[in-house]
Amino acid sequence: SSALGVWEAHWPDGHCRVDSTTASILGWPANVDVSLEQAFDSVHPEDRASLRDQLTHAIEGDGTYASEHRIVRQGGAVRWVASRGFVQAEQGHPTRMIGVIADITERKEREDFLRESESRFRMMADTVPVLIWVSGTDKRAVYFNKSWLDFTGRTMEQELGDRWTEGIHPDDRPGYRETYTAAFDARQPFEIEY
């Protein structure tokens with residue numbers, strides 16, 4: 001019921017056993033028993049080298065494995081999975097790895113959408129001839145557009161948080177902070193000259 005699949009890879013016999021949830025995530029028939037190579041063939045070709053490195057590190061290192069990678073299901077559909085496992089050894093030799101797997105495709109698609117949306121916003125904000133800033137829910141500044149930075153002659157790092165207020169004349173800072181804080185807390189627009 002947790003949408004986590006369970007898998008087990010055995011080195012001595014070269015097989016991978018999976019539960020029905022794992023089979024469903026990977027697009028395999030239920031109760032399938034495949035070779036380790038067949039299981040590895042389901043990994044997206046661009047992610048195989050990295051995954052092999054992670055598995056080798058787990059086998060030769062601390063015995064734990066964690067990966068987010070793409071798979072290619074039968075029919076060609078590409079999905080993202082998160083997989084974690086640990087190595088079991090007998091007499092100092094690794095014999096099998098037991099792990100879990102989850103389909104994280106929707107999360108990855110949301111992350112991609114947010115990255116693209118933020119990229120579009122930054123491109124738009126950096127091309128308009130107005131000063132734009134963005135603050136977080138803590139009232140601290142998290143973004144300034146290129147026009148702002150060009151106007152102030154300061155870097156993004158110099159402006160972030162509350163440091164941008166260094167550019168306000170000392171006589172005007174208390175009035176600005178009071179107006180800004182009151183408007184922010186009330187979720188109201190504000191206008192001020194300083």
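Reading guide: rules and limits
- Residues numbered from 1 in each chain as written.
- Predicted model: local features only at pLDDT ≥ 70, side-chain atom pairs only at ≥ 80, totals over all residues.
- Heavy atoms only, no water.
- Salt bridge = Lys/Arg side-chain N within 4 Å of Asp/Glu carboxyl O.
- Helix = DSSP H or I, 4+ residues; strand = E, 2+ residues; numbered from the N terminus.
- Buried < 20%, exposed > 50% of the residue type's maximum accessible area, 1.4 Å probe, protein only.
- Expected span 1.5 Å × (residues − 1).
- Contact = heavy atoms within 4.5 Å.
- Pairing = 2+ DSSP bridges.
- Axes fitted to C-alpha atoms, helices over the stretch in contact; angles between N-to-C directions.
- Patch = residues over 30% accessible without salt bridge, like charges linked within 9 Å, V, L, I, M, F, W, Y side chains within 5 Å.
- Areas by Shrake-Rupley, 256 points an atom, 1.4 Å probe, with all protein chains shown as cover.

**Describing the pattern of salt bridges**
Right, so step 1: Counting across every chain of the model gives 17 salt bridges.
Right, so step 2: Here Arg122 makes a salt bridge to Glu118, at a shortest N to O gap of 2.9 Å. In this pair, Arg122 and Glu118 are both assigned in helix α4 (residues 105–127), four residues apart and thus about one turn of the helix distant.
Right, so step 3: Looking at Arg122, the relative accessible area reads 33%, which means it is partly exposed.
Right, so step 4: When the shortest N-O distance is used, the salt bridge between Glu166 and Arg154 registers 3.1 Å. Pair noted here: Glu166 is in the loop between α6 (156–159) and α7 (173–186) and Arg154 is in the loop between α5 (146–152) and α6, with a separation of twelve residues, a long-range link.
Right, so step 5: Judged by relative accessible area, Arg154 falls into the partly exposed class, the value being 22%.
Right, so step 6: Residues joined in a network through salt bridges with shared partners are Glu68, Arg107, Lys108 and Glu111.

**A short note on α4**
Right, so step 1: With 23 residues, α4 should cover 33 Å at 1.5 Å per step; its first-to-last C-alpha distance of 33 Å lies within 8% of that length.
Right, so step 2: For α4, the set of buried residues is Thr105, Lys108 and Ala125.
Right, so step 3: Check the buried side of α4 and you find it contacts β4 (64–72), β5 (78–90), β6 (93–103) and β8 (141–144).

**Details of the sheet that holds strand β3 (residues 33–35)**
Right, so step 1: Across the sheet, which stays open at both edges, the six strands sit in the order β3-β2-β1-β6-β5-β4 with antiparallel pairing between neighbours. Every interior strand has two partners, whereas the edge strands, β3 and β4, have only one. Sheet twist, expressed as the mean angle between neighbouring strand axes with direction ignored, is 25 degrees.
Right, so step 2: Here strand β1 (residues 5–10) pairs with β6 via six bridges, running antiparallel.

**Describing a nonpolar patch on the surface**
Right, so step 1: The grouping of Leu4, Val6 and Val100 at the surface amounts to a nonpolar patch, some 210 Å² of accessible area in total.
Right, so step 2: On the secondary structure map, Val6 appears in strand β1.

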